Amino acid sequence: MKKPDIVYLGNKLLKKSFPSLRRTTIYLGWNELEPDAFMICAPYNAKTPNTPGTEYYTDVDIIMIDAPLAAIIGGLTHEFSHIEEWVNNRRLWTPTRFRRVETSPKLRGEDEIKTDLRVIAKGLGMGLLEFSRYAENVVAAGLKEAIDEGGIPTEHLEYIIKADGRLPHPFTYRDYINYFGNGDG
Ligand SMILES: [Zn+2]
């Protein structure tokens, strides 16, 4: 099977929808990721890890070589949204905060939801939904493990995207918690 050209897809998406990343380098590649990961991204800086700078990488798991292109693009919007947040709020993302978000399920979950909400605010929620449905199917088929802090669940994504003016816009994290709760019960 021919691998989709993620460098081409990624650069097209960056140019069209992430203007604030025009001076940022993102290395895109296929990789074999952890059993629960479809895509990952991180600062690319060997000397001082977890320090936002001008270089980042996004790896896509090889399971996605036969995924619908819309799902790949949707997944990339989520990763680029992380990178955009790090670049735009560089001073807030100290190595300590990176570590804290990475190791706390609560903060991690919040960060993932906020990342998805920024994608929706850009008008790219449909791609996110394609990715979410795809990932759900792959997990249901037993080919990947589900993750606990995986961002907005498919049914919530669907609800927000199809609300068509009946929800606040942009739909903030506070709005999200008001509508859906914080997952504590
Ligand atoms: Zn994420």
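What you see is a predicted model; the values in this text were computed from it and never measured.

### Notes on the packing of helix 3 (residues 95-103) against helix 4 (residues 105-121)
1) Next: For the pair helix 3 and helix 4, the least separation of the axes is 5 Å and the interaxial angle reads 100 degrees. Judged on the interaxial angle alone, helix 4 and helix 3 are roughly perpendicular. Only L107, R108 and D111 of helix 4 make contact with helix 3, whose side of the interface consists of R100, V101 and E102.
2) Next: A breakdown of the residues in the contact of helix 3 with helix 4 according to their chemical character gives two nonpolar, no polar and four charged.

### Observations regarding the nonpolar core
1) Next: Counting 34 residues, the largest nonpolar core has I72, I83 and L128 as its most contacted members.
2) Next: Of all elements in the fold, only helix 1 (6-17), strand 1 (25-31), strand 2 (39-43), strand 3 (55-61), helix 2 (69-88), helix 4, helix 5 (125-140) and helix 6 (154-161) reach the threshold of two or more residues within this core.
3) Next: With eight residues, helix 2 is the single largest residue contributor to this core.
4) Next: Setting aside its immediate chain neighbours within four residues, I83 contacts L21, T24, I26, C41 and Y56.

Rules and cut-offs
Residues numbered from 1 in each chain as written. Predicted model: local features only at pLDDT ≥ 70, side-chain atom pairs only at ≥ 80, totals over all residues. Axes fitted to C-alpha atoms, helices over the stretch in contact; angles between N-to-C directions. Helix = DSSP H or I, 4+ residues; strand = E, 2+ residues; numbered from the N terminus. Parallel < 35°, antiparallel > 145°, perpendicular 65-115°, else oblique. Contact = placed C-beta atoms within 7 Å. Nonpolar A, V, L, I, M, F, W, Y, C, P; charged D, E, K, R; others polar. Core = buried A, V, L, I, M, F, W, Y, C linked by C-beta atoms within 7 Å. Buried ≥ 20, exposed ≤ 12 C-beta atoms within 10 Å, placed from the backbone.

Nothing here speaks to function; it is geometry throughout.
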